[in-house]
Amino acid sequence: MNLEKASYAEIDLGALAHNLSYVQQLAGQDKQIIASIKANAYGHDVLLVAKALQEIGVDALATGSLDEARLLRTQGITLPILLFAFSTPRLTVQAAIEGYIPTLTNLKVATTVANALKKPAAVYLKVDVGLGRLGEPINTARYFVEEVVNLPNLRVDGIYTHVPFAQVSKSDWAERKLQSFDRFITDLGNAGYTFPLTQAMASCCLLAGFLDQSSAVCVGHALYGLSPFESDSGEGINHLKPVMKSVKSKLIHIAHHAKGSDIAVGGLYGLERAHTVGVLPVGMAHGFCRPPGKDMPVLVRGQKCRVLSVSLEHTTIDLSGIDGADTGDSVTLLGRDAEEIITLATLADAWGIQPLEVLMRLSGKFSVRTAETQAS
Ligand SMILES: *Cc1c(COP(=O)(O)O)cnc(C)c1O
């Protein structure tokens, strides 16, 4: 990991706890919560987030990376770790042997895993109710389940599906799919097949206010205060707080250029007035960029400054008009400085991407501290 000392991200674990309690309220107090911490906890720092979630209390964690799961185990995370379908049958077997709960998505994989295991291991089965990606299609899932429970060495501890919908207009579709999963589980139960855990709802369904009969929900977006929808509609979103609080750097150099100076940075050339240029040790290597033709601000001393250029390891900003700006000054790339704020949505909009994609670009590029640590 590339940890620039002058630059860091701050996460707000109070916001995480708040969002978790809101999720529990939406899901109902009796629902188990599986926290999705895939992709470095949606870019927030998987270890800090997993430790916090374990302390606050969730029932399990879920990721799509065996490496991430292993990291957490070696760092004191004792919660059950579900692995979303993530790799080849060989690694799926390995994951089961190491005590993680792998997902089996079809009979071929299930058979391979069953035959490779030397002793019983916990697994979850995944059914596809209509997303059209991973899992046994619901129409053939009954046969899949009946076959798998007869395979050796597989202890089917759970069965789940995933029904995300980015467009709020598709919520009817999702509700129908959710109901089809409930019917499927009820039918299985009537035939004598029951499982300790069933799960179908993620952030979209929860924030849309749906309820279902499963014993658990598996949430990511909502925990981090992120909207799972393409447009931020929905009452539910307003109750969430952003966990990614800020990304900050420092001015490492300031250059004053007199009127008439012929400087290239930011395409200024033959200056019509004096300019002060500040340099930060953040660049494309840290996921930062400056979209051509768009203004992108950062905050210095509570005021907006225009980004002039972003190169591999440096960003230059226009400090003209910022009184007293000095090297060592904090520069806010994301978050609040006095009265001004740069939200994830602002940055996403400037970059022409979704907020979660912004987090993915910055993920792992900054040392992450918790907001509490920063205050003390
Ligand atoms: C990522 C993921 C989730 C969590 O979805 P969110 O929209 O982030 O709440 C749930 N289930 C599966 C299978 C996933 O891959």
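Higher on the page you've got the structure.
Here goes a summary of the coordinates provided. (Residues numbered from 1 in each chain as written. Predicted model: local features only at pLDDT ≥ 70, side-chain atom pairs only at ≥ 80, totals over all residues. Heavy atoms only, no water.)

1. Regarding the overall build of the protein
So, point 1. Each helix and strand counted, the protein has twelve helices and 19 strands in total.
So, point 2. Viewed in the frame of its principal axes, the protein has a C-alpha envelope of about 85 × 40 × 35 Å.
So, point 3. Of the contacts formed within the protein by residues at least 6 apart in sequence, a portion of 65% connects residues at least 24 apart.
So, point 4. Charged side chains of the protein number 33 positive and 37 negative; the gap between the two group centres comes to 4 Å. (Helix = DSSP H or I, 4+ residues; strand = E, 2+ residues; numbered from the N terminus. Contact = heavy atoms within 4.5 Å. Lys, Arg positive; Asp, Glu negative; His and termini not counted. Charge placed at Lys NZ, Arg CZ, Asp CG, Glu CD.)

2. A word on the packing of helix α1 (residues 13-27) against helix α3 (residues 46-56)
So, point 1. With their axes 11 Å apart at the nearest point, α1 and α3 run at an angle of 50 degrees to one another. Classified by the interaxial angle, the pair formed by α1 and α3 is oblique. The interaxial crossing formed by α1 with α3 has right-handed handedness. Between α1 and α3, the contacting residues are Leu13, Leu16, Ala17 and Leu20 on the first element and Val49, Ala52, Leu53 and Ile56 on the second. (Axes fitted to C-alpha atoms, helices over the stretch in contact; angles between N-to-C directions. Parallel < 35°, antiparallel > 145°, perpendicular 65-115°, else oblique. Left-handed = near helix turned anticlockwise from the far one by under 90°.)

3. Thoughts on the state of the cysteines
So, point 1. The full count for this structure, using the stated rule, is zero disulfides.
So, point 2. In this model cysteine 305 remains outside any disulfide bridge; the closest cysteine sulfur is found in cysteine 289, 18 Å from its own. (Disulfide = S-S within 2.5 Å.)

4. Describing the pattern of salt bridges
So, point 1. Applying the stated criterion across every chain, the model contains seven salt bridges.
So, point 2. Put simply, glutamate 146 and arginine 142 hold a salt bridge, and the shortest N to O gap is 2.9 Å. A residue pair is termed a helical-turn pair when its members lie 3 or 4 positions apart in one helix, as glutamate 146 and arginine 142 do in helix α7 (residues 138-148) at four residues.
So, point 3. Taking relative accessible area as the criterion, arginine 142 reaches 31% and is therefore assigned partly exposed.
So, point 4. Residues arginine 301 and aspartate 329 are paired through a salt bridge, measuring 2.7 Å at the closest nitrogen-oxygen approach. Of this pair, arginine 301 sits in the loop between β14 (297-300) and β15 (303-310) while aspartate 329 sits in the loop between β16 (315-318) and β17 (330-337), and the two are 28 residues apart along the sequence.
So, point 5. Arginine 301 gets classed as partly exposed once you look at its relative accessible area, which sits at 43%.
So, point 6. Three or more residues joined by partner-sharing salt bridges are found here, namely Asp67, Arg70 and Glu98. (Salt bridge = Lys/Arg side-chain N within 4 Å of Asp/Glu carboxyl O. Buried < 20%, exposed > 50% of the residue type's maximum accessible area, 1.4 Å probe, protein only.)

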